[in-house]
Amino acid sequence: MLLGILVYGYATGVFSSRKLERASYDSVAFRFIAANDHPDHDTIASFRRRFLKEIEALFVQVLLLAREMGVLKMERLRSTARRSTPTPAVTARCLMNTPARSKRNCRLRSPI
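What counts, and at which threshold
Residues numbered from 1 in each chain as written. Predicted model: local features only at pLDDT ≥ 70, side-chain atom pairs only at ≥ 80, totals over all residues. Heavy atoms only, no water. Axes fitted to C-alpha atoms, helices over the stretch in contact; angles between N-to-C directions. Helix = DSSP H or I, 4+ residues; strand = E, 2+ residues; numbered from the N terminus. Parallel < 35°, antiparallel > 145°, perpendicular 65-115°, else oblique. Left-handed = near helix turned anticlockwise from the far one by under 90°. Contact = heavy atoms within 4.5 Å. Nonpolar A, V, L, I, M, F, W, Y, C, P; charged D, E, K, R; others polar. Core = buried A, V, L, I, M, F, W, Y, C linked by side-chain atoms within 4.5 Å. Buried < 20%, exposed > 50% of the residue type's maximum accessible area, 1.4 Å probe, protein only. Expected span 1.5 Å × (residues − 1). Arc of directions from axis to C-beta.

*Asks:* I'm lost on the packing of helix 2 (residues 17–26) against helix 4 (residues 41–50) in this one. Help?
*Replies:* When two helices pack together, their arrangement is captured by the angle between the axes and the distance separating the axes. As a packed pair, helix 2 and helix 4 sit with axes 8 Å apart at the nearest point and diverge in direction by 125°. With respect to helix 4, the element helix 2 is oriented oblique. Read as a crossing pair, helix 2 and helix 4 show a hand that is right-handed. Packed against helix 2, whose contacting residues are Ser17, Arg18, Leu20 and Glu21, the element helix 4 presents His41, Ile44, Ala45 and Arg48 at the interface. Here the residues of the contact of helix 2 with helix 4 sort into three nonpolar, two polar and three charged.

Quick look at the structure:
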């Protein structure tokens, strides 16, 4: 359940564990994924910290699958060093390791 909440949260632009917890009360989609349970933000944060490498690897696979299905296009990352289309691994690392206020530099765009 926690993994589902994290993956859906990242896919919809919700990164903060407190916002994910709040979404489990407010959003029908998050409530469905959480089976109408409401995990505490500390639980979400500790789960993310504990399994960061595994979650990152899974998220790369999700991004590759979405790109292969044609439901995702990755935009360029804003960077002074290089302006190129990121690989799914770079995007996953950016999303997983960047503070929430800087995540706008890790944008994904859905063509739908």
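*Asks:* Just to check I follow, could you spell out the nonpolar core for this structure?
*Replies:* Soluble globular proteins tend to bury their nonpolar side chains together. Judged by nonpolar contacts, the single largest core of 16 residues is most densely connected at Ile5, Leu6, Tyr10, Leu20, Phe30 and Ile44. Looking at this core, the elements with two or more residues in it are helix 1 (2–12), helix 2 and helix 5 (52–69). Ignoring any residue separated from it by four or fewer positions in sequence, one finds Leu20 in contact with Ile5, Leu6, Gly9, Val14, Phe15, Phe30, Ile44 and Arg48.

*Asks:* It is not clear to me how helix 5 should be interpreted in this structure. Could you clarify?
*Replies:* Along an α-helix, residues three or four positions apart point the same way, because every turn accommodates 3.6 residues. Compared with an ideal rise of 1.5 Å per residue, which puts 18 residues at 26 Å, helix 5 spans 25 Å between its outermost C-alpha atoms and is within 8% of the ideal. Those residues of helix 5 not exposed but buried are Ile55, Glu56, Phe59, Val60, Leu63 and Ala66. Projected onto a plane normal to the axis of helix 5, the buried residues spread over an arc of 145° and lie on a single side. Away from its buried face, by an angle of more than 90 degrees, helix 5 presents the exposed residues Lys53, Glu54, Gln61, Glu68 and Met69. Backbone geometry just after helix 5 places Gly70 at a positive phi near 85°.

*Asks:* Got a minute to help me understand the packing of helix 4 against helix 5 in this structure?
*Replies:* For the pair helix 4 and helix 5, the least separation of the axes is 5 Å and the interaxial angle reads 80°. One element, helix 4, and the other, helix 5, form an angle in the roughly perpendicular class. Listed contacts from helix 5 to Phe47, Arg48, Arg49 and Arg50 of helix 4 are Leu52, Glu54 and Ile55. Classifying every residue of the contact of helix 4 with helix 5 by side-chain character gives three nonpolar, no polar and four charged.

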